[in-house]
Amino acid sequence: MQAENFPKHWAADVLASDGRAVRLRPIVPSDADALVDFHSKLSERTRYLRYFGPYPTMPQRDVLNFTTVDHSSRVAFVATLGDEIIAVGRYERLPADAAGQNGNASHDGNSAEVAFVVADAHQGRGLGPILLEHLAGAAAENGVTRFIAEVLAENRNMVTVFRQAGYQVSRSYDGGVLSLDFDIDPTDALVTVRNSRERAAEARSVRNVLRPRSVAVIGASTDPAKVGNAVLTNLLRASFTGPVYPVNAEHTSVRGVRAYATVSDIPDEVDLAIAAVPAEAIDAVLDDCLAKGVRALVVVSSGFGETGEDGRSNERRLVHAARAHGMRLVGPNALGVANLDPEISLNATLATELPGRGRVGFFCQSGALGIAILAQASKRRLGLSTFVSAGNRADLSGNDLLQYWDQDESTEVVLLYLESFGNARKFWRIARRVARNKPIVAVKSGRGAVPPALATGTDIDDSIVRALFEQAGVIQVESISELFDCAILLGYQPLPAGPRVAVVGNSTALGVLAADGANARGLRSGAPVDVGAAASPSEFAGAISVALASADVDAVVAVFVPPVTLKVEAYAQALVDVVRGATKPIVTTFLAAEGIPEVLANLGDDGSPARGSVPSYPDPDRAVNALAKAWRYAAWLSGPPDNVVRPADIDTARARSLVAGWHAASPNGRWLSDFETAQLLECYGLPVAAFRGVTSEKEAVDAAEELGYPVAVKAMGEQWRHRPDLGGVRLDVVGGDAVARAYRDLSAVSGAPLVQVQKMATKGIGCVIRVQDDVSFGSLISFGLSGIISDLLGDRAFRVLPLTEQEAVSLIDAPKAAPLLSGYRTAEPVNKNALVDFVQRVSAISEDLPELRELVCDPVLASSSGAAITDAKMRIGAVPTKIDLGPRRLR
């Protein structure tokens with residue numbers, strides 16, 4: 001393909017509905033031969049439905065017309081697999097006509113005719129909707145607002161594509177031709193359909209990795225010291241239920257299994273290929289896999305991004321080539337993948353031993369860390385459903401695994417070890433949905449934990465990550481140990497219905513430690529119940545039974561120290577018996593064991609611990625910490641998902657008109673003036689306290705008289721804002737002489753004649769509300785109290801926009817200093833409802849005006865009568881490309 005001057009972001013790797021990758025890009029003149037070949041392979045029926053009649057060959061003039069476009073009024077995309085075109089879509093802008101001038105929206109100059117055709121062998125893979133999405137995205141960039149399509153009424157498949165796309169389609173018939181007419185603005189229905197298709201395709205792509213029917217090991221060596229031998233050995237030892245094909249050009253068998261010189265030589269289909277070859281040999285592997293139709297590739301080989309810039313360049317080339325060949329890629333430098341479902345029994349990893357089967361899915365990056373994780377899971381008897389160690393995570397990511405686990409009935413808990421974020425906003429969107437059905441526990445490793453060569457995502461401030469995890473319902477932990485502490489609780493016990501904890505045990509000291517730890521973490525625990533060191537198993541179990549039966553108890557902590565002269569098995573059996581079928585969680589410090597001790601396991605049919613097993617912790621503090629995190633997740637889960645609420649009295653049309661005018665005059669962006677900022681905020685029901693800019697004593701006095709006393713007099717200039725310590729403001733000024741004196745003082749201090757006179761707002765607690773554009777999450781809103789102490793301590797709460805009503809409430813309550821708003825000590829409480837309404841209006845501004853790049857309201861004075869702005873500033877700029885919000889694509 002020759003280089004052409006088309007928008008580079010239009011080229012994208014996408015997933016078909018079967019989970020296989022497809023390359024989508026604008027057509028170029030050098031595609032002429034491939035287009036002719038594509039057309040020649042179409043069936044007569046497909047050509048008839050697309051061109052409304054026989055069209056056996058494509059004349060040269062049509063080839064030239066189809067491949068020569070201006071990427072504006074005439075746009076065309078091709079979907080390719082390798083060097084072959086498998087689908088074509090195009091739109092052509094319709095000229096305005098007399099009817100359009102009279103108001104016919106179909107011919108107003110902003111409409112375009114759209115059409116596409118898919119190769120017969122690739123129909124039913126969802127390529128039509130993908131082409132339509134990307135054509136609509138390109139059209140919107142070029143000012144096209146409406147698509148028109150003419151389809152034969154008998155072409156039911158094409159009619160279905162348009163009907164199920166989420167557009168509001170108008171129809172009309174002319175003979176046997178159906179004319180479809182629809183706006184391409186992304187409605188809620190359209191976004192819902194897009195996300196649903198994305199979810200299904202990404203889940204299917206992971207299914208191709210984790211539930212293959214056959215596996216080829218490329219580079220399967222006869223040398224036990226080689227990686228290829230280890231992978232093959234582990235596959236065979238795990239008794240993978242499908243055929244395993246070693247690929248080795250020098251031997252006819254490896255470990256007693258028939259080997260093949262290339263993947264193409266394998267006589268049957270291959271779903272998954274494991275590549276254990278040197279980095280320089282990977283290109284030949286990709287070509288071989290394409291010819292064979294391999295669906296997914298796991299690269300355990302190193303020598304890519306972890307080696308430096310050259311390696312990163314090779315890694316990007318590898319991803320591009322794998323996707324162009326239709327495959328999803330795990331790795332490179334991956335430990336591998338595993339599925340413990342006995343119907344699959346897949347161990348395509350370098351780890352010789354796997355944990356037992358369970359209902360926990362685990363994703364991590366580092367191979368070395370993955371081995372340690374698997375060892376820890378085995379030690380604690382934490383059963384896994386599936387495991388993926390993605391290495392350099394060049395393609396398949398935690399986002400893809402979340403999509404899969406959301407639909408996987410064998411997975412009930414999701415564990416993530418995230419060394420970096422790729423598409424962070426997409427992670428937040430997916431996790432927020434998945435967490436409603438399954439708990440997600442995540443470690444986000446700190447800065448510096450990942451070598452620079454492996455930093456494949458964005459480094460995000462830890463305080464933002466914590467806040468956004470909380471907003472999405474993700475349980476964040478600080479270490480692998482804490483990750484497992486939560487996993488064994490969530491994987492084997494029910495969630496607590498409330499924060500009330502009963503501590504029962506035979507050790508006063510441990511009981512007190514457990515109760516104190518629970519209270520310190522937001523749980524509520526009374527005095528521990530001590531049954532005494534000499535209590536019998538029945539007495540111990542009886543006390544626990546009473547606690548579980550109490551209507552005042554939501555969870556139980558059982559602390560147990562074994563009596564010196566008695567065997568512990570009887571106590572363990574009594575504990576297991578009494579909690580069997582319990583609807584309240586119970587954790588224990590039984591023998592200071594870690595995980596699921598054999599004596600506390602409720603074994604399933606396969607001999608692995610099942611639900612009802614009692615998790616044990618080395619000390620009470622770790623037990624109640626896991627219980628507290630489970631309770632906070634349960635509290636988040638118990639709140640019904642609410643909707644974004646737009647406050648009343650918003651003048652969106654005027655706001656957009658103002659911003660359009662300012663942006664047209666300053667296409668590179670700029671800070672708005674105080675007056676412009678006040679105009680825009682007024683459109684959203686957020687008036688700034690009235691002010692005037694003055695340049696003389698007389699103007700200052702006249703302004704004060706007009707505004708009404710008392711007033712504030714402020715020096716202008718960025719260096720004076722929010723710096724009362726510099727003496728640039730005079731408050732509660734009353735009388736003409738006082739205003740004149742304040743003007744003289746401030747103009748002298750600032751060295752400038754321009755001074756601001758402002759009506760004094762109702763006194764209150766100063767708050768700061770800010771909207772900032774984050775490169776990872778998009779627009780974020782932050783809230784905190786004004787002042788140097790809050791700034792110094794970083795006491796700010798963050799949320800992703802737009803805000804739901806409950807998120808707006810939680811944002812106001814989130815800062816550590818938030819109790820001041822509720823009337824701390826003798827202070828009068830502020831009207832927090834006014835602050836909630838305020839941030840909802842700010843949320844609406846951000847959603848309506850993508851040109852808004854930054855907004856700061858500081859201070860917002862919160863009082864019992866409401867919330868008043870005394871100072872605000874805004875910056876506008878170019879609308880950022882929000883890939884996650886546009887047509888579907890792989891990152």
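One can find the structure itself at the top, above this paragraph.
This is a predicted model, so every value here is computed, not measured.

**Considerations on helix α12 (residues 398-407)**
So, step 1. When you tally the buried positions in α12, you get 9 out of 10 residues, the bulk of the element.
So, step 2. Among the residues making up α12, those that are buried are Gly-398, Asn-399, Asp-400, Leu-401, Leu-402, Gln-403, Tyr-404, Trp-405 and Asp-406.

**Some words on the pattern of salt bridges**
So, step 1. A complete count under the given rule lists 50 salt bridges for this structure.
So, step 2. A salt bridge links Arg-323 to Asp-13, with the shortest nitrogen-to-oxygen separation between them at 3.2 Å. Here Arg-323, found in helix α10 (residues 309-324), pairs with Asp-13, found in strand β1 (residues 12-15); they are 310 residues apart in sequence, far enough to count as distant.
So, step 3. The class for Arg-323 is buried, based on a relative accessible area of 3%.
So, step 4. Accessibility expressed as a relative area gives 7% for Asp-13, which makes it buried.
So, step 5. Among the salt bridges present, the one from Glu-594 reaches Arg-380, with a minimum N-O distance of 2.9 Å. Here Glu-594 is found in the loop between β27 (586-588) and α19 (620-638), whereas its partner Arg-380 is found in helix α11 (residues 367-380), with 214 residues between them in sequence.
So, step 6. In this structure Arg-380 comes out as buried when scored by relative accessible area, which is 1%.
So, step 7. What you see here is one network of salt bridges that share partners, running through Asp-13, Arg-23, Arg-323, Arg-328, Asp-395 and Asp-400.

**Some points on the packing of helix α9 (residues 282-292) against α10**
So, step 1. Viewed as axis vectors pointing N to C, α9 and α10 meet at an angle of 10°, and their least axial separation amounts to 10 Å. Viewed along their axes, α9 and α10 adopt a mutual orientation that is roughly parallel. Across the interface between the two elements, Ile-282, Asp-283 and Leu-286 of α9 pack against Arg-317, Leu-318, Ala-321 and Ala-322 of α10.
So, step 2. Here the residues of the contact of α9 with α10 are counted per class, giving 5 nonpolar, no polar and 2 charged.

**Side note on the pairing of strand β18 (residues 357-364)**
So, step 1. Within β18, 6 of the 8 residues are buried, which leaves it mostly tucked inside the rest of the structure.
So, step 2. As paired elements, β18 and strand β19 (residues 384-389) share 5 bridges and run parallel to each other. Bridge pairing in β19 places Gly-361 opposite Thr-386.
So, step 3. Tracing the backbone out of β18, into α11 and back to the parallel element β19 gives a crossover that is right-handed.
So, step 4. As paired elements, β18 and strand β20 (residues 413-418) share 4 bridges and run parallel to each other. From the neighbouring strand, Phe-362 faces β20, where its bridge partner is Leu-415.

**A short note on the packing of α11 against helix α15 (residues 480-492)**
So, step 1. For the pair α11 and α15, the least separation of the axes is 11 Å and the interaxial angle reads 40°. The angle between α11 and α15 places the two elements in the oblique class. Crossing geometry of α11 relative to α15 is assigned as right-handed. For the pair α11 and α15, contact is made by Leu-369, Ile-373, Gln-376, Ala-377 and Arg-380 and by Ile-480, Ser-481, Phe-484 and Asp-485, respectively.
So, step 2. Its residues placed into classes, the contact of α11 with α15 shows 5 nonpolar, 2 polar and 2 charged.

Thresholds, definitions, all that
- Residues numbered from 1 in each chain as written.
- Predicted model: local features only at pLDDT ≥ 70, side-chain atom pairs only at ≥ 80, totals over all residues.
- Heavy atoms only, no water.
- Buried < 20%, exposed > 50% of the residue type's maximum accessible area, 1.4 Å probe, protein only.
- Helix = DSSP H or I, 4+ residues; strand = E, 2+ residues; numbered from the N terminus.
- Salt bridge = Lys/Arg side-chain N within 4 Å of Asp/Glu carboxyl O.
- Axes fitted to C-alpha atoms, helices over the stretch in contact; angles between N-to-C directions.
- Parallel < 35°, antiparallel > 145°, perpendicular 65-115°, else oblique.
- Contact = heavy atoms within 4.5 Å.
- Nonpolar A, V, L, I, M, F, W, Y, C, P; charged D, E, K, R; others polar.
- Pairing = 2+ DSSP bridges.
- Right-handed = clockwise from strand over helix to strand, strands pointing away.
- Left-handed = near helix turned anticlockwise from the far one by under 90°.

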